[in-house]
Amino acid sequence: MSRLVAAGRTAGIVGAWVGVATAGAAVGFAAERYVMGRSLKQDDPYADEPFGSLRGAARTVVTDDGVALHVEVDDAAEALDRGAPTLVFCHGFALTMDAWHFQRRDLRGSARLVFWDQRGHGRSGPLPDDTELSFRRLGTDLGQLIDEVVPQGPIVLIGHSMGGMTLQALAEERPELFGRRIVGAALIATSGQKLDVSGLGLPGYLGRLAGRAAPAAVSILARKPELVERGRKMGSDLAYVLTRRYAFAEGGSPKLVEFTAIMNAAVPIDVVARFFPLFGELDAAEAVPVLAKIPVLVIGGERDQMTPVQHSRDLADTLVDVEYIEATDAGHMVLLERHEMVTEALRTLVERTRRGGRPRRLSSRIASVRRRRPDRPAAGREVSGADESRKGQGERRKR
C-alpha cells in the first residue's frame, strides 16, 4: 500500500471526526446511503416536516475579496412600519441557512428576516485561494452584508456556533454598529474562547490517537481533498451514529439528524480542512465590552459535545444585560432539538430591544418537555414577549 493511499485513509477517518467535533454534524458521508435504507421512528414528530423548503427573496452580496454570498430575505412590511428590528441569522460551521428552519417558519411575518450562507457553505461562493481565512474575515463578510441588505433601521443579530463567533468578530471589527444599529444579539451554542480540538471530542485512546494524527491529516485534506471523498461516502453509517452522538442529546429525532446530515454532506472537504484550525485559535475577548452595550441572549445545551456548555456560561457571566438559558436535554443542535424554546427566547429578546429598560441578568435551566410537533403560528404573528408557559419549564432566577 502506498504512503499516499495510507495517508488518504488516515485523513478520511480523521476528516470525519474533524467535522463531527467542530461542526455539530458528521461530514464523512453521503446522505443518501442511510436515507434509503433506514426507516424513521413511527412516532418521530418531524418525519413529515419539509426541511429545506423555505425560501425567500434571493440576493447576492459580493465581498471585497470577490466571494458571492447567497442571501435570502423574508420581508414583513407591516413589522417594519411598527419599528420592529430586522433579524439577521448566522449559521454554524458545515451547516447552511436552512439550519434555522423552525425559527424561519415560526417568525415569518413578524419581522424582516435575513438569512445567509457563510463563504464556502451552501449556495455561497467557494473560499478564494489567495485570501487568508479568519474569524475577522467572517466578521467583515457579515458587516458588508449588513451594509448592503440592511442599510438602515435597528438589527438583532442571531448566531449559532460559528455564526456566534462571526457575530463576535463583527463586534471587534466594527464596534460602532453596536448600540446604534445593532440593538440586540443572540449567541446560541457558541463560544468566545478557543476550543480544545486536540482530541477531536473523542474519549480516551481514540482522542489521543486523533489528536496526534489531526495536524497531518488536516494538512492532507487541504492539499488533496479528492483522496478522502471516497472514504467519506464509505463511512456513512458510522457518521450517522457519530452525528447522533456528538450533535444531539440522547433520544432525539432521527429526522433532525438526517436533516443536519444532508446540510453537512454538501460541504466540501477542503472547506472543512481550512476552517478547522480557526476553532483552536478563537479569542473574542475584545467583543465583550462591545456586546455589553446591548441586550444579549445566550443559550447553551447542557449536553453539547462541540462547544462545551461552560463556554456559554462564561459568555453570560461577562455580559451586563443578559438572559442565559440552559437546555438540559439538548446538545449542539439546540436550535433544532429545542426550537420552541429558542424561538420563544428570541421573541423575548426582540421585545426587550423595543421596550428598553434597565440592564438585567436572568438565568434559567429548562428541563425536558414532552416532545411533540407544536401548532404552527399563524402567518403575521408579531414578535412578542415570552408567554407564561415557559415559566413552568424550568427554574428561573435573577443573578
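**Q** Can you lay out the overall build of the protein chain for me, pointing to particular residues and giving the numbers?
**A** Broken down by element type, the protein chain carries 15 helices and ten strands. Of the contacts made within the protein chain by residues no fewer than 6 positions apart, 83% connect residues no fewer than 24 positions apart. Accessible surface computed for the protein chain: about 16,400 Å², of which carbon and sulfur atoms make up 51%.

**Q** Could you give me a rundown of the packing of aromatic side chains, with the residues and numbers involved?
**A** Under the defined criterion, the tally for this structure stands at eight aromatic pairs. Ring geometry for F51 and F102: centres 5.5 Å apart, planes at 90°, overall edge-to-face. Of the two residues, F51 sits in the loop between α2 (32–35) and β1 (57–62) while F102 sits in helix α4 (residues 101–107), which places them 51 residues apart along the sequence. A relative accessible area of 0% places F102 in the buried class. Measuring from centroid to centroid gives 5.9 Å for F135 and F279, while their planes differ by 75°, and the two rings are edge-to-face. Residue F135 is found in helix α5 (residues 135–149), and its partner F279 is found in the loop between α11 (269–275) and α12 (288–291); the two are separated by 144 residues along the sequence.

**Q** Describe the pattern of salt bridges, naming the residues involved and giving the relevant values.
**A** Inspection of every chain in the model, using the stated rule, returns 21 salt bridges. A salt bridge links D147 to R174, with the shortest nitrogen-to-oxygen separation between them at 2.9 Å. Of this pair, D147 sits in helix α5 while R174 is found in the loop between α6 (162–173) and β6 (182–188), placing the two residues 27 residues apart along the sequence. Residue D147 is classed as partly exposed on the basis of its relative accessible area of 40%. Several salt bridges converge on common partners, so that one network encompasses R55, E72, D74, D98, R104 and R108.

**Q** How would you sum up the packing of α5 against α6? Please name residues and give values.
**A** Where α5 contacts α6, the two axes come as close as 7 Å, and the packing angle between them is 80°. As far as their axial angle goes, α6 and α5 are roughly perpendicular. Facing α5, whose interface residues are F135, R136, L138, G139, T140, L142, G143 and I146, α6 presents M162, M165, T166, L167, A169, L170 and E173. Each residue belonging to the contact of α5 with α6 can be placed in one class, and the counts come to nine nonpolar, four polar and two charged.

**Q** For unusual backbone geometry, give the residues involved together with the corresponding values.
**A** In the Ramachandran plot, S161 falls in the positive-phi region, its phi being about 55° despite a non-glycine side chain. Mapping S161 onto the fold places it in the loop between β5 (155–160) and α6. At A189, a position not held by glycine, the phi torsion is positive, near 50°. Position of A189 relative to the elements: it lies in the loop between β6 and α7 (204–223). Residue class for A189 comes out buried when judged on its relative accessible area of 1%.

**Q** Give me the lowdown on the nonpolar core, citing residues and values where you can.
**A** Ranked by size, the top nonpolar core spans 40 residues in total, and within it L87, F89, I158, I299 and V334 carry the most contacts. Here this core gets six residues from one element, more than from any other, and that element is helix α15 (residues 339–355). Setting aside its immediate chain neighbours within four residues, V334 contacts I188, A189, I299, A327, H339, M341 and V342. Within the second largest apolar cluster, 37 residues are counted, among which are V61, L170, A185 and V290.

**Q** Quick rundown of the pairing of strand β7 (residues 296–301)? Include the residues and the values.
**A** Buried residues dominate β7, accounting for six of its six residues. Inspection of the sheet shows β7 paired to strand β8 (residues 322–327) by six bridges, in the parallel sense. Note that in β8 the partner of L297 across the bridge is E323. Running through helix α13 (residues 309–318), the crossover from β7 to the neighbouring parallel element β8 is right-handed.

**Q** Can you tell me about the environment of S312, naming the residues and giving the values?
**A** Positionally, S312 belongs in helix α13. For the pair formed by S312 and S191, sequence separation is 121 residues and the distance between their alpha carbons is 6.2 Å.

**Q** Please set out the side chain of D141 residue by residue, giving values where relevant.
**A** As for its position among the elements, D141 is in helix α5. Accessibility expressed as a relative area gives 0% for D141, which makes it buried. Apart from residues lying up to four places away in sequence, D141 is in contact with T63, L69, W116 and R119.

**Q** Tell me about the pairing of β8, residues and numbers included.
**A** The buried count for β8 comes to six of six residues, which makes it a mostly enclosed element. Alternating positions in β8 separate into two faces, V322, Y324 and E326 on one and E323, I325 and A327 on the other, with burial throughout. Bridge analysis of β8 against strand β9 (residues 361–366) gives six bridges, and the strand direction is parallel. Across the sheet, the residue bridging to A327 is I366, located in β9.

**Q** So, α6: which residues are in play, and what are the values?
**A** Taking 1.5 Å as the rise per residue, α6 with twelve residues should run 16 Å; its terminal C-alpha atoms sit 16 Å apart, in good agreement. Most of α6 sits inside the fold, with ten of its twelve residues counted as buried. For α6, every residue scored as buried is listed here: M162, G163, G164, M165, T166, L167, Q168, A169, L170 and A171.

Scoring rules and cut-offs
Residues numbered from 1 in each chain as written. Predicted model: local features only at pLDDT ≥ 70, side-chain atom pairs only at ≥ 80, totals over all residues. Heavy atoms only, no water. Helix = DSSP H or I, 4+ residues; strand = E, 2+ residues; numbered from the N terminus. Contact = heavy atoms within 4.5 Å. Areas by Shrake-Rupley, 256 points an atom, 1.4 Å probe, with all protein chains shown as cover. Phe/Tyr/Trp six-rings, centres within 6.5 Å; stacked < 30°, edge-to-face > 60°. Buried < 20%, exposed > 50% of the residue type's maximum accessible area, 1.4 Å probe, protein only. Salt bridge = Lys/Arg side-chain N within 4 Å of Asp/Glu carboxyl O. Axes fitted to C-alpha atoms, helices over the stretch in contact; angles between N-to-C directions. Parallel < 35°, antiparallel > 145°, perpendicular 65-115°, else oblique. Nonpolar A, V, L, I, M, F, W, Y, C, P; charged D, E, K, R; others polar. Core = buried A, V, L, I, M, F, W, Y, C linked by side-chain atoms within 4.5 Å. Pairing = 2+ DSSP bridges. Right-handed = clockwise from strand over helix to strand, strands pointing away. Expected span 1.5 Å × (residues − 1).

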